[in-house]
Amino acid sequence: MPGSPATVSADPASALPARRRRHPYPAPSPACAVEATLSLIDGKWKGAVLWHLLGGTLRFGELRRRMPRVTQRILTNQLRELEADGLVLREVFPVVPLRVEYSLTPLGKSLGKVLTLLKEWGDDHESYWKKATQQQSLKPRSAETLQAPRSVRSC
């Protein structure tokens with residue numbers, strides 16, 4: 001129902017219909033657990049969305065302002081995937097204009113330490129990733145680099 005907040009179960013996979021599950025639960029081995037975790041936060045903007053939501057509940061427009069380079073369509077898709085994976089809670093308020101707020105679920109909050117470590121690593125290696133990003137943007141694009149990404153290997 002549009003006016004009621006989404007519900008979160010202890011196991012996010014069990015709350016989702018089979019067709020909406022994007023990732024296998026549980027992962028059968030340590031390497032697969034890493035791949036499964038990374039697949040939950042894959043996507044150019046998911047890490048940034050999670051990082052901003054660590055600070056508390058935000059409306060869609062507030063997220064957009066904090067990430068000015070993301071398009072509305074991409075941000076919407078990333079939020080939907082995070083919600084489907086049980087990391088983000090979307091709460092709709094039946095007012096005019098429609099008010100939608102996003103917050104982290106307990107599962108999403110549990111990624112806080114991981115995101116903090118990723119930020120610290122990025123801060124410590126800023127010169128490396130800036131140089132790599134600059135070199136990557138200077139490379140001509142070939143047909144090989146424009147291919148669709150490979151799917152995640154099964155374990």
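Fair warning: this is a prediction, and the values are worked out from it, not measured in the lab.

(A) Up close: the sheet that holds strand β3 (residues 99–104). The strand order across the open sheet built from 3 strands is β1-β3-β2, with neighbouring strands paired in antiparallel fashion. Each having just a single partner strand, β1 (58–59) and β2 (88–93) make up the two edges of the open sheet. Pairing of β2 with β3 involves 6 bridges; the strand directions are antiparallel. Along β3, the bridge assignment pairs Glu91 with Glu101. Most of the contacts of helix α3 (residues 46–53) go to β3, to which it runs at about 90°, and overall it touches β1, β2 and β3.

(B) Up close: unusual backbone geometry. The step from Val96 to Pro97 runs through a cis peptide bond, and the omega angle for that step is -5°. Position of Pro97 relative to the elements: it lies in the loop between β2 and β3.

(C) Layout of the nonpolar core. Counting residues in each nonpolar core, the largest one holds 22 residues, and the members touching the most others are Leu50, Leu53, Leu63, Leu75, Leu79, Val88 and Tyr102. Excluding residues within four positions of it along the chain, Leu53 makes contact with Leu58, Leu63, Val88, Tyr102, Ser103 and Leu104.

(D) Representation of the pattern of salt bridges in the model. All told, the structure shown has 4 salt bridges when counted by the stated rule. With a closest N to O distance of 2.7 Å, Lys46 and Glu81 form a salt bridge. Placement of the pair is Lys46 in helix α3 and Glu81 in helix α5 (residues 72–84), with a sequence separation of 35 residues. Looking at Glu81, the relative accessible area reads 25%, which means it is partly exposed. Connected through salt bridges with shared partners, the residues Asp42, Lys46 and Glu81 form a single ionic network.

(E) Fine view of the packing of α3 against helix α7 (residues 112–124). It is the contact of α3 with α7, at a shortest axis distance of 10 Å, that shows an interaxial angle of 115°. Between α3 and α7, the angle falls in the class roughly perpendicular. With respect to the hand of their crossing, α3 and α7 are arranged in left-handed fashion. On α7, the residues that touch Gly47, Leu50 and Trp51 of α3 are Leu115, Thr116 and Lys119. The residue inventory of the contact of α3 with α7, partitioned by class, reads 3 nonpolar, 2 polar and 1 charged.

(F) Up close: α3. Turning to α3, its buried residues number three or more, namely Lys46, Val49, Leu50, His52 and Leu53. With its buried residues spanning 165° around the axis, α3 presents them on a single face.

(G) Highlighting the packing of aromatic side chains. Going through the model one piece at a time under the given rule, you end up with 0 aromatic pairs. The positively charged end of Arg99 is found above the aromatic ring belonging to Phe93, 4.0 Å away from the centroid.

(H) The arrangement of the packing of α3 against α5 in detail. Two numbers describe how α3 lies on α5: the axes approach to 10 Å, and their chain directions differ by 70°. Between α3 and α5, the angle is such that the two are roughly perpendicular. The segment α3 lies against α5, with Lys46, Val49 and Leu50 engaging Leu75, Gln78, Leu79, Glu81 and Leu82. Residues that form the contact of α3 with α5 fall into these classes: 5 nonpolar, 1 polar and 2 charged.

(I) Representation of a nonpolar patch on the surface in the model. Taken together, the side chains of Trp121, Tyr128 and Trp129 make up a nonpolar region of the molecular surface, amounting to roughly 380 Å² of accessible area. Within the secondary structure layout, Tyr128 lies in helix α8 (residues 126–138).

What counts and how
Residues numbered from 1 in each chain as written. Predicted model: local features only at pLDDT ≥ 70, side-chain atom pairs only at ≥ 80, totals over all residues. Heavy atoms only, no water. Pairing = 2+ DSSP bridges. Helix = DSSP H or I, 4+ residues; strand = E, 2+ residues; numbered from the N terminus. Contact = heavy atoms within 4.5 Å. Axes fitted to C-alpha atoms, helices over the stretch in contact; angles between N-to-C directions. Core = buried A, V, L, I, M, F, W, Y, C linked by side-chain atoms within 4.5 Å. Buried < 20%, exposed > 50% of the residue type's maximum accessible area, 1.4 Å probe, protein only. Salt bridge = Lys/Arg side-chain N within 4 Å of Asp/Glu carboxyl O. Parallel < 35°, antiparallel > 145°, perpendicular 65-115°, else oblique. Left-handed = near helix turned anticlockwise from the far one by under 90°. Nonpolar A, V, L, I, M, F, W, Y, C, P; charged D, E, K, R; others polar. Arc of directions from axis to C-beta. Phe/Tyr/Trp six-rings, centres within 6.5 Å; stacked < 30°, edge-to-face > 60°. Lys NZ or Arg CZ within 6 Å of the ring centre and 35° of its normal. Patch = residues over 30% accessible without salt bridge, like charges linked within 9 Å, V, L, I, M, F, W, Y side chains within 5 Å. Areas by Shrake-Rupley, 256 points an atom, 1.4 Å probe, with all protein chains shown as cover.

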